[in-house]
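# Structural features, examined
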6 protein chains.
Amino acid sequence: MYTVCVRDHMMIAHSFSGAVFGPAQRMHGATYVVDVEFRRRELDENGIVVDIGRAGELLREILGAMNYRNLDEEADFRGRNTTTEFLARTVFERLAQSIHEGQLGASARAVESLRVTLRESHVAWASFEGEISAQ
Amino acid sequence: MYTVCVRDHMMIAHSFSGAVFGPAQRMHGATYVVDVEFRRRELDENGIVVDIGRAGELLREILGAMNYRNLDEEADFRGRNTTTEFLARTVFERLAQSIHEGQLGASARAVESLRVTLRESHVAWASFEGEISAQ
Amino acid sequence: MYTVCVRDHMMIAHSFSGAVFGPAQRMHGATYVVDVEFRRRELDENGIVVDIGRAGELLREILGAMNYRNLDEEADFRGRNTTTEFLARTVFERLAQSIHEGQLGASARAVESLRVTLRESHVAWASFEGEISAQ
Amino acid sequence: MYTVCVRDHMMIAHSFSGAVFGPAQRMHGATYVVDVEFRRRELDENGIVVDIGRAGELLREILGAMNYRNLDEEADFRGRNTTTEFLARTVFERLAQSIHEGQLGASARAVESLRVTLRESHVAWASFEGEISAQ
Amino acid sequence: MYTVCVRDHMMIAHSFSGAVFGPAQRMHGATYVVDVEFRRRELDENGIVVDIGRAGELLREILGAMNYRNLDEEADFRGRNTTTEFLARTVFERLAQSIHEGQLGASARAVESLRVTLRESHVAWASFEGEISAQ
Amino acid sequence: MYTVCVRDHMMIAHSFSGAVFGPAQRMHGATYVVDVEFRRRELDENGIVVDIGRAGELLREILGAMNYRNLDEEADFRGRNTTTEFLARTVFERLAQSIHEGQLGASARAVESLRVTLRESHVAWASFEGEISAQ
């Protein structure tokens, strides 16, 4: 299995609901350094998993919709705890949808699975991984 | 699959038995930077894999039992080579037992597997991963 | 010259005033991974620069006063842009004051200078360094 | 499952064919920081996955055949795009062959799979992983 | 003293002249992860050292003139060993010239010194630092 | 000012004397990832600060005299606390002596200062820096 990974980041504000979160129930924020792994069984005719340039641009676009924002005020996240693990899945779903729509080109439809990791500090991170419907 | 990872470290002395270890047969030591990954299929009702605060405290407690010690003199390791891979499994077993006993709360019993990685230098690490009996 | 460095982090929300900040004028946030370097010319009688345990606790205490907070609402920062470089100086001043008051012990008064670095992502950081009045 | 990982690096020149590569069609180069993960279900009688010293030497030998070279002029790569993912597989195949031939000793034949990761910058990496025929 | 640092990278091919370079006399290449530190005594009226967005763009532009190139064929480097330390100075000189010309704005003319670091692998880096003529 | 840095590591056991060290008074150990920075004002005729290959070998030789050892039993350290900052100076002194004796070649005598950093974990490090008598 081949994997290619690209990295970018976003800086957001949010707060959490639930006693389990302790002081993180207050408005605070995070830098998320985001790694996206694209996986497929065989390389395409150029010898690549995905066009790494387009993959980086797509990641930037998806993070751009959340970057420099207070996630508590975003319609998509109303009433949700935007935990690191939840956001990992959000980025996963948006990437999968974009690949499905062809934003990384026809060849990228052979990507079988993605793993999205959000590093929130030097001592903690979360990820979501799953298969994507090739179509 | 969701993963959450927390990091801590311990500093120990030990020696190894067996010609394969060369100079590491002498008394020496290591800093192990320890990453523990907790994995489960669905988030709990708070939108998390585990309570990251409690997970960090549990890891600190488990490493605390080995930290600043000469492992050659610990009863649990008598006659064993406390290699990086062996210690990764030791931390895994102790974490699995603690989760089973409820130290991370009822919700954490949905954690399906753990991966424990010990980084011994900038050029080498070892890990042990496995399922844990939910029960 | 000897240096000892300890690391911790904080997660905050804030917004900036001024066209130069572009989208960072909106409410957003950051994880700051904070490194504090303590410098002195000679080691003390124990062979150390500072008691690394106490230094870590002091850093945690100072970051704790900002951690999980919206800095726009903190009285100390009213009307200020809490940029990474500004916050580096804030941490510097508070550490210098604590050392002066003896919170790291009498020996730590021999520390001549500090450097405080705040890493805001994998591609950007800021620091403030200066001498501290021994006295 | 146990994993042991060793790290080394190589510095090569190459160029790519295909419009998808944009400016990387020109002669350029890369430092690849290479991580090799060795995986097996049980430790050997010494309590290890592989002899980490020999594993490191083998990796150095395999990278040495490419290090400080222009890959466009290497017979093995004639007419191929030596992309990061392609080179990850190349290192994988050469390691698997060497293990099969016994270069890591008899015990290392119990290694079930390998993962080879080439980090090309602070924001991109690729890997190839697969089972190796124990035999 | 305040410092702000931004990071980017470039991927180049080159070869060296001189027995001291051993196998690096052959055509090979490198990824240079480049950190630029901007230093000044006081923050500007916005509370910053430089506009980090413009600083990142300027760095990208300067590295872009070398990125994905064989430095042996660049007129500027004819007959020179483009060692890591030499390239650190090259980036320094070009940045200093750009700041002098106002590309980072009028306020950035208060920057007193720069440090440019090129990381060529996980085990080696080089830097050049110096004052820049404010003017 | 030019700087070149090389990295290696050592794994040692030791114990400390003095109540300030708390649990570190027990026999324990550490991995020290060691960075050595060589600084000089002008490059030599090859365009380098030092021969990075020879610098790496010298560092390996100096660390080799401590690696895989219990420092409490080394004659050189009898009755001393081999703290991270103390060991940073030890490596500094041995490197300076070797450069003085010509082990890095005649050109390396132009190196003006060294900085030796020992990273003991992901959250703590110490260094010693100083001028070296050229001549």
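What this report covers is the structure whose coordinates are included nearby.

Basis of the calculations
- Residues numbered from 1 in each chain as written.
- Chains lettered and ligands numbered in written order.
- Predicted model: local features only at pLDDT ≥ 70, side-chain atom pairs only at ≥ 80, totals over all residues.
- Heavy atoms only, no water.
- Least-squares fit on C-alpha atoms with pLDDT ≥ 70 in both.
- Contact = heavy atoms within 4.5 Å.
- Buried area = accessible area lost by both parts, 1.4 Å probe.
- Helix = DSSP H or I, 4+ residues; strand = E, 2+ residues; numbered from the N terminus.
- Nonpolar A, V, L, I, M, F, W, Y, C, P; charged D, E, K, R; others polar.
- Phe/Tyr/Trp six-rings, centres within 6.5 Å; stacked < 30°, edge-to-face > 60°.
- Buried < 20%, exposed > 50% of the residue type's maximum accessible area, 1.4 Å probe, protein only.
- Expected span 1.5 Å × (residues − 1).
- Arc of directions from axis to C-beta.
- Polar contact = N/O pair within 3.5 Å; in protein donor to acceptor, adjacent residues only side chain to side chain.

Further remarks concern the relation of the copies chain C and chain A. With an axial shift of 0.0 Å and an RMSD of 0.0 Å, the rotation relating chain C to chain A amounts to 180°. The superposition operator between the copies reduces to a two-fold rotation axis. The overlap is high: 100% of the interface residues of chain C also sit at the interface in chain A, so the same surface is used on both sides.

Our next topic: the interface of chain C and chain A. One frequent convention defines the size of an interface as the accessible area lost when the parts assemble. With 23 residues of chain C in contact, the opposing surface of chain A contributes 23 residues. Taking both partners together, chain C and chain A bury about 1900 Å²; carbon and sulfur atoms supply 64% of that area. Elements with a minimum of two residues in the side of chain C that touches chain A: strand 1 (2-14), strand 2 (28-40), strand 3 (69-70) and strand 4 (113-121) of chain C. Top element by residues in the side of chain C that touches chain A is strand 1 of chain C. It accounts for 6 residues. Among the residues forming the side of chain C that touches chain A, the class breakdown is 10 nonpolar, 8 polar and 5 charged.

Looking now at the packing of aromatic side chains. Under the definition given, this model contains 24 aromatic pairs over all chains. With a centroid separation of 4.7 Å and 55° between ring planes, the pair formed by Tyr2(A) and Phe128(D) is classed as tilted. Taken as a pair, Tyr2(A) in strand 1 (residues 2-14) and Phe128(D) in strand 4 (residues 124-131) lie in two separate chains rather than in one. When sorted by exposure, Tyr2(A) lands in the same class as Phe128(D), which is buried. Relative to Phe86(B), the ring of Phe77(B) lies with its centre 5.9 Å away and its plane at 80°, an arrangement referred to as edge-to-face.

So, about helix 1 (residues 52-64) of chain E. All names here are of chain E. Taking 1.5 Å as the rise per residue, helix 1 with 13 residues should run 18 Å; its terminal C-alpha atoms sit 18 Å apart, in good agreement. Taken together, the buried positions of helix 1 are Ala55, Leu58, Leu59, Ile62 and Leu63. Angular distribution of buried residues about the axis of helix 1 spans 130°; they occupy a single face of the element. The exposed set on the far side of helix 1, more than 90 degrees from its buried face, consists of Glu57 and Arg60. Measuring from the backbone nitrogen of Gly53 back to the side-chain oxygen at the start of helix 1 gives 3.0 Å, which picks out Asp51 as the cap.

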